[in-house]
Amino acid sequence: EEGAETLAVFFVQPVDSNRSVIRGVVDGSPRGAERLTVLHHHNERLSKLREIVEREAQAAPQPAPLEPVIERVSPELAELPEMTAHGRKATIRVTVARKWMAADGIAAFELRPIKGLLPTFQPGAHIDVHMPNGLIRQYSITNGPGESDSYVIGVKLERDSKGGSRCMHETLRAGDVLAISEPRNNFPLRRDAEKTIFVAGGIGATPLIAMAQALKNQSLDFAFHYFAQNQAQLAFPEKTALLGEALKPQLGLDPEGTAAKLKDILSGYRPGMHVYLCGPGPMLEAARRIAAEVGWPETAVHFEYFKNTNTIDDSSSFEVALARSCVTFKVPAGRTILDVMREVGIDMPSSCEQGACGTCLATVIEGEPDHQDVYLNDAERKSGTKIMTCVSRAKSARLVLDL
Ligand code: FES
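Residues numbered from 1 in each chain as written. Predicted model: local features only at pLDDT ≥ 70, side-chain atom pairs only at ≥ 80, totals over all residues. Heavy atoms only, no water.

A short note on the packing of aromatic side chains
Two measures describe an aromatic ring pair: the distance that separates the ring centres and the angle between the ring planes. Spelled out, the test is: Working definition: a ring pair exists when centres of Phe, Tyr or Trp rings (six-membered ring for Trp) sit within 6.5 Å. Plane angles under 30 degrees give stacked, over 60 give edge-to-face, the rest tilted. Helix and strand labels come from DSSP, where a helix needs a run of H or I of at least four residues and a strand needs a run of E of at least two; each type is numbered from the N terminus. Burial classes: relative accessible area under 20% of the type maximum marks a residue as buried, over 50% as exposed, and values in between as partly exposed (1.4 Å probe, protein chains only).
Counted by the stated rule, this structure contains 9 aromatic pairs. A ring pair is formed by Phe-198 and Tyr-276, whose centres lie 5.7 Å apart and whose planes are at 35°; its orientation type is tilted. Of this pair, Phe-198 sits in strand β11 (residues 195-201) while Tyr-276 is found in strand β14 (residues 273-278), placing the two residues 78 residues apart along the sequence. Assessed through its relative accessible area of 0%, Phe-198 is described here as buried.

Thoughts on the domain arrangement of the protein
By convention, interface size is frequently given as the accessible area that disappears when the constituent parts associate. The line we're drawing: An automatic or database domain assignment is the source of the domain bounds shown. Between two residues, a contact is recorded if the distance between any of their heavy atoms is within 4.5 Å. Buried area: the sum, over both parts, of the accessible surface (1.4 Å probe) that disappears when the two are put together. Salt bridges, as used here, are contacts in which a Lys or Arg side-chain nitrogen is within 4 Å of a carboxyl oxygen on Asp or Glu. Side-chain atoms alone can form a polar contact between residues adjacent in sequence; in general such a contact is a pair of N or O atoms within 3.5 Å, and within protein one must be able to donate a hydrogen while the other accepts it.
Along its sequence, the protein is carved into domain 1 (8-59), domain 2 (75-180), domain 3 (195-304) and domain 4 (318-401). Residue-level contacts link 7 residues of domain 2 with 8 residues of domain 4. Taking both sides of the interface into account, the surface hidden between domain 2 and domain 4 amounts to around 550 Å²; carbon and sulfur atoms contribute 33%. The tally of links from domain 2 across to domain 4 stands at 1 salt bridge. Across the contact surface, domain 2 and domain 4 share 4 residue pairs in polar contact (both at pLDDT 80 or more). Within the residue set of the side of domain 2 that touches domain 4, elements represented by two or more residues are β4 (88-90) and β7 (126-130).

Some thoughts on the side chain of Ser-392
The residue Ser-392 is located in the loop between β20 (386-388) and β21 (393-394) in this model. In terms of polar contacts, Ser-392 uses its side chain to reach the backbone amide nitrogen of Gln-372, at 2.9 Å. At 3.5 Å, the side chain of Ser-392 forms a polar contact with the side chain of Asp-373. In this view, Ser-392 contacts Ile-337, Asp-370, His-371, Gln-372, Asp-373 and Ile-387; residues no more than four positions away in its chain are not counted.

Section: the nonpolar core
This is how the line gets drawn: We call a set of buried residues a nonpolar core when its members are Ala, Val, Leu, Ile, Met, Phe, Trp, Tyr or Cys and they connect through side-chain atoms within 4.5 Å of each other.
Membership of the largest hydrophobic core comes to 29 residues, with the highest contact counts inside it found for Phe-198, Leu-208, Phe-222, Phe-224 and Phe-236. Secondary structure elements with two or more residues in this core: β5 (92-103), β6 (106-113), β11, α3 (205-217), β12 (222-228) and β14. No other element matches α3, which puts 7 residues into this core. Inspection of this core shows a minimum of three residues originating in each of domain 2 (75-180) and domain 3 (195-304).

Digging into the sheet that holds β11
The cut-off we apply is this: By definition, two strands form a pair when at least two bridges between them are found by DSSP. The axes used here are C-alpha line fits, helices contributing only the stretch in contact, and every angle between their N-to-C directions lies in the interval 0 to 180 degrees.
Here 5 strands make up an open sheet; going across it, the order is β13-β12-β11-β14-β15 and the pairing parallel. Each end of this open sheet is capped by a strand with a single partner; those strands are β13 (247-251) and β15 (301-304). Taking each pair of neighbouring strands and ignoring which way they run, the sheet shows an average axis angle of 15°. The strands touched by helix α5 (residues 255-266) are β11, β12, β13 and β14; relative to β12, the strand with the most contacts, the crossing angle is about 180°. With respect to the sheet, helix α6 (residues 281-293) is in contact with β11, β12, β14 and β15, its orientation differing from that of β15 by roughly 170°.

Looking at α3
Test applied: Here, expected helix span is obtained from the residue count minus one, scaled by 1.5 Å.
Here α3 spans 18 Å end to end across 13 residues, near enough to the 18 Å set by a 1.5 Å rise per residue. By the criterion of burial, α3 is predominantly enclosed, with 11 of the 13 residues buried. Every buried residue belonging to α3 is among Ala-205, Thr-206, Pro-207, Leu-208, Ile-209, Ala-210, Met-211, Ala-212, Gln-213, Ala-214 and Leu-215, and all of these are buried.

As structure tokens, then:
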């Protein structure tokens, strides 16, 4: 816009006889939101170029196969500076050691550190993956106990992908370098339950697979109900096979059938039982409602949404005071608490920035939060003592946070 210029260098890299990858490197300036806009711009242009080239290629005669030459990643890459985008830090460099299809429409990636060891993590943890196209996405680590050499993640190709899952599926390949965050766990597993029930829907199985392997390893009692349309959609069969009889695939059910099955699974609550839910929004809503109806206390129902599909109302404006930092600022309509907080120099960790993951949680000391996230449960919302600063706002004129 207005004559702004960015230096961008594009490399065309042949992959095989009929496929090449175009990679772009954009110079250091601009930074922040402007940089993201520039990356999105090039991403859009390259996607259009790809469509044209693919159309033309279909009409052209097929060339003879090429023998791929794989070059190892140079160790200097491990020294690249830390990446930070809006306070979301990617301190770890990994290579894609292996990429394979873990189920129909689900690609799996084994990520190995370029140097040193990967940080340890607890079952249920996720990492932020900073993609070559500038997008940042969260993926759960599926590793079982003792698997600490690499992280294995699963990525579903979303039909309405905004570029994240498509980039992972179509662009990334073995040998590529990625920047990732340290693992965070906002979906912790209790190991003192008398019985644990896992309810997984589609790609929602990934954090639960890590949890189930941990319980299996300790010979604790659990059942793993895995909802999918068919057998081919059950991800990581080599991992779930190890769960033995605890694995209970629930295949080909429509919404009514799913609700009936959930009722069946969730009836018979006894104190000491815990249920962990992860899957598509409507399935989670149904499971939470049914759990409440059949007598599960909220404290025993744990859930994780992939995304926040609520329509965010950001029309309010209010004042926020950070008690420990002695800072007060105004949050105008159209901006988030997190945004303004960063602008005044408070570094707050965040990950999904859409109210789903729980990373940006703050304690409310005074004032009434206007919850717009899908992370907190109903009791936590009613208590008014917690807030997700990336999407939630205030109903009162002023909020005081313990930050
Ligand atoms: S950053 Fe994920 S809930 Fe706010």
